[in-house]
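Each chain, letter by letter, is given below.
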Amino acid sequence: MRALFLKMGVLAGLLLGGFVSQAQAADSASLKLSVIHASKKAGPADPALRRIAKKLKRAFSGHKSFKEEAKHKFDLRLKKTRQIKLPNGQTASFTYLGKVNKKDQFKVSIPKSKIAMKVSVRKNGLLFIAKRIKHKDGDLILALFLR
C-alpha cells in the first residue's frame with residue numbers, strides 16, 4: 001500500500017511539474033536578435049546571414065549588401081524589458097507583452113530613431129524591423145527570431 005502511494009505521488013509530481021513548466025513557458029519568450037548593416041554599396045555576402053539572405057534581398061531590394069554587426073540571444077519574461085545597445089550608439093528596448101492568437105507580442109522602441117511599435121511573431125518566425133535606423137553609409141535592420 002505504501003509503495004502504491006509513493007508511485008502515485010511521484011506520478012502526480014511529474015504531471016504537475018509538466019503543467020508548471022508549460023505555464024512558465026507561456027509567460028516567457030526566447031529571442032534571437034541579429035543586428036544587420038544594410039548598405040547601398042555592393043559588398044561580399046556575409047556567411048552569417050546565409051539562411052536569411054534571400055529574404056533580406058527581397059525585403060530590402062534597394063540595398064546591395066548586408067553584414068551582421070551583432071547578435072544576441074535572450075529570454076524575456078512577461079512584462080519585462082531587455083535593452084540592447086546598437087552599433088550606431090542607440091538603445092533598442094524589447095518588452096514581452098504575452099501571447100495573442102498563437103503569436104507572441106512585443107513592444108519595440110528605439111527612442112532616438114523615433115520607433116515605438118507593437119509587433120507579433122509566431123513561434124520559429126522571423127520579423128524585420130528597419131524603420132529609419134541610420135548607420136554609417138546605410139541602415140540597420142533588426143532581424144527578430146522567435147525560438
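In what follows, the structure referred to is the one given above.
Everything quoted here is computed from the prediction, not taken from an experiment.

Chemist: Report on a positive patch on the surface, specifying residues and quantitative values.
Modeler: Residues Lys32, Arg50, Arg51, Lys71, Lys73 and Arg147 make up a contiguous surface patch of positive charge. Take Arg50: it is sitting in the loop between strand 1 (28-39) and helix 2 (53-59). Looking at Arg50, the relative accessible area reads 67%, which means it is exposed.

Chemist: With reference to specific residues and values, describe the packing of aromatic side chains.
Modeler: Within this structure, the stated rule accounts for three aromatic pairs. Between Phe74 and Phe94, the aromatic rings sit 6.0 Å apart at their centres with planes inclined by 50°, giving tilted as the arrangement. Residue Phe74 is located in strand 2 (residues 65-77), and its partner Phe94 is located in strand 4 (residues 91-100); the two are separated by 20 residues in the primary sequence. As far as burial versus exposure is concerned, Phe74 and Phe94 are alike and both buried.

Rules used throughout
Residues numbered from 1 in each chain as written. Predicted model: local features only at pLDDT ≥ 70, side-chain atom pairs only at ≥ 80, totals over all residues. Heavy atoms only, no water. Patch = residues over 30% accessible without salt bridge, like charges linked within 9 Å, V, L, I, M, F, W, Y side chains within 5 Å. Areas by Shrake-Rupley, 256 points an atom, 1.4 Å probe, with all protein chains shown as cover. Salt bridge = Lys/Arg side-chain N within 4 Å of Asp/Glu carboxyl O. Lys, Arg positive; Asp, Glu negative; His and termini not counted. Charge placed at Lys NZ, Arg CZ, Asp CG, Glu CD. Helix = DSSP H or I, 4+ residues; strand = E, 2+ residues; numbered from the N terminus. Buried < 20%, exposed > 50% of the residue type's maximum accessible area, 1.4 Å probe, protein only. Phe/Tyr/Trp six-rings, centres within 6.5 Å; stacked < 30°, edge-to-face > 60°.

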